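# Coordinate inspection notes
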Amino acid sequence: MDYSSLKPGDKHYRAYIGPPLQYDFMGATQFRLLCSLGLRAHHQVLDLGCGSLRAGRFLINYLEPGNYCGIEPNQWLIDEGIKEQVGDSLIAIKKPRFDTNSEFNTAVFGQNFDFIIAQSIFSHTGNDLIPGALSNIYGSLNDNGIALLTFIKGEKDFDGDGWIYPECVEFTLPKIYEFTANAGF
């Protein structure tokens, strides 16, 4: 299929979560980054905003059964990711777990994680949602766990609330540090 006519945010499993022509590249980049930071097959990983399993397809295949968890409020994205990228057989073998809460409730799996990745979540999140999300992430990390969180650094702080999508928001470094420090990081 030619994905070049799709724009980020279009209702297609490759486009809804970002530039469709970078789908493979971004998923592989996230996987490589995690591995370079020490990810091994026995680790527990939470993919916050797992979308259509752009990174999840690499992680599910790599991790031991039951070690991948994903949170995505749009069930259709998870379903399309399984259908188009992972397959029911690998799901049966690797036993990933998913939740569709939109409150960034990382405690739904009843465990802590070695790695939590939130790729391009806080680039679409307003001031009211970030503190709770970061607190949940911090509370769900193992003692030596690593959280990989992306923000867009800007010259001024976004001053709105809610979920801003597909547009992006920016924050200054002092504001990002304030958010993370207040959450316990």
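Owing to the predicted nature of the structure, the values given are computational and were not obtained by experimental measurement. (Residues numbered from 1 in each chain as written. Predicted model: local features only at pLDDT ≥ 70, side-chain atom pairs only at ≥ 80, totals over all residues. Heavy atoms only, no water.)

### Here we look at the overall build of the protein
Across its full length, the protein holds 6 helices and 5 strands. Computed over C-alpha atoms, the radius of gyration of the protein comes to 16 Å, within 12% of the 16 Å expected from 2.2 N^0.38 for 185 residues, which places it in the range of a compact globule. For the protein, buried positions account for 48% of its 185 residues. Across the protein, contacts joining residues at least 24 apart in sequence account for 67% of those joining residues at least 6 apart. Per element, the accessible surface of the protein, about 9100 Å² overall, is 51% carbon and sulfur. (Helix = DSSP H or I, 4+ residues; strand = E, 2+ residues; numbered from the N terminus. Rg over C-alpha atoms; globule rule 2.2 N^0.38 Å. Buried < 20%, exposed > 50% of the residue type's maximum accessible area, 1.4 Å probe, protein only. Contact = heavy atoms within 4.5 Å. Areas by Shrake-Rupley, 256 points an atom, 1.4 Å probe, with all protein chains shown as cover.)

### Describing the side chain of arginine 14
For arginine 14, the location among the structural elements is in the segment before helix H1 (23-36). Arginine 14 sits in the buried class, given a relative accessible area of 10%. Of the polar contacts made by the side chain of arginine 14, one reaches the side chain of tyrosine 3; its length is 3.4 Å. Within the structure, the side chain of arginine 14 is placed 3.4 Å from the side chain of tyrosine 13, a separation counted as a polar contact. (Polar contact = N/O pair within 3.5 Å; in protein donor to acceptor, adjacent residues only side chain to side chain.)

### Overview of the nonpolar core
Ranked by size, the top nonpolar core spans 23 residues in total, and within it Leu46, Phe122, Ile130, Leu134, Phe151 and Phe171 carry the most contacts. By residue number, the principal contributor to this core is helix H5 (residues 130-139), which donates 4 residues. Counting residues in hydrophobic clusters, the runner-up holds 19 residues, among them Cys50, Leu59, Ile82 and Val86. (Core = buried A, V, L, I, M, F, W, Y, C linked by side-chain atoms within 4.5 Å.)

### Side note on the layout of surface pockets
Size it by volume and the largest pocket reaches roughly 600 Å³. Lining the largest pocket we find 32 residues, and of these Gly49, Glu72, Ser120, Ile121 and Trp163 sit closest to its centre. Among the secondary structure elements, those contributing two or more residues to the lining of the largest pocket are H1 and strand E1 (45-48). (1 Å grid on protein atoms, 1.4 Å probe; cavity = no way out; pocket = protein on both sides within 12 Å on 5 of 7 lines; lining within 4 Å. Points joined across faces, edges and corners; volume = space filled by probe spheres on them.)

### What to know about the environment of aspartate 161
Looking at the element boundaries, aspartate 161 is found in the loop between strand E5 (141-149) and helix H6 (173-183). In sequence terms aspartate 161 and threonine 125 are 36 residues apart; their C-alpha atoms lie 7.3 Å from each other. Leave out the neighbours within four places in its chain, and aspartate 161 touches Gly126, Asn127 and Asp128. Within the local environment of aspartate 161, its side chain forms a polar contact with the backbone nitrogen of aspartate 128, the two atoms lying 3.2 Å apart.

### Remarks on the sheet that holds strand E3 (residues 97-99)
Taking strand neighbours across the sheet as the criterion, the 5 strands line up as E3-E2-E1-E4-E5 in an open arrangement whose pairing is parallel. Each edge of the open sheet carries a strand with a single partner, namely E3 and E5. With strand direction ignored, the average angle separating the axes of adjacent strands in the sheet is 15°. Each of E1, strand E4 (113-118) and E5 touches H5; the most contacted strand, E5, lies at about 140° to it. (Pairing = 2+ DSSP bridges. Axes fitted to C-alpha atoms, helices over the stretch in contact; angles between N-to-C directions.)

### Here we look at a negative patch on the surface
A surface patch of negative charge is lined by Asp128, Asp157, Asp159 and Asp161. Examined against the element boundaries, aspartate 128 turns out to sit in the loop between E4 and H5. (Patch = residues over 30% accessible without salt bridge, like charges linked within 9 Å, V, L, I, M, F, W, Y side chains within 5 Å. Salt bridge = Lys/Arg side-chain N within 4 Å of Asp/Glu carboxyl O. Lys, Arg positive; Asp, Glu negative; His and termini not counted. Charge placed at Lys NZ, Arg CZ, Asp CG, Glu CD.)

### Re the side chain of glutamine 30
Structurally, glutamine 30 can be placed in helix H1. With sequence-adjacent residues up to four places away left out, glutamine 30 is seen in contact with Arg54, Ala55, Ile117 and Gln119.

### Description of H6
Here H6 has its buried residues at Lys175, Ile176, Phe179, Thr180 and Ala183. For H6, the arc enclosing every buried residue in end-on projection is 130°, short of the 170-degree limit, so these residues lie on one face. Exposed positions of H6 whose direction lies more than 90 degrees from the buried face are Pro174, Tyr177 and Asn182. Considering only its buried residues, H6 is in contact with H5. Glycine 184 sits one or two residues past H6 and shows a positive phi near 110°. (Arc of directions from axis to C-beta.)

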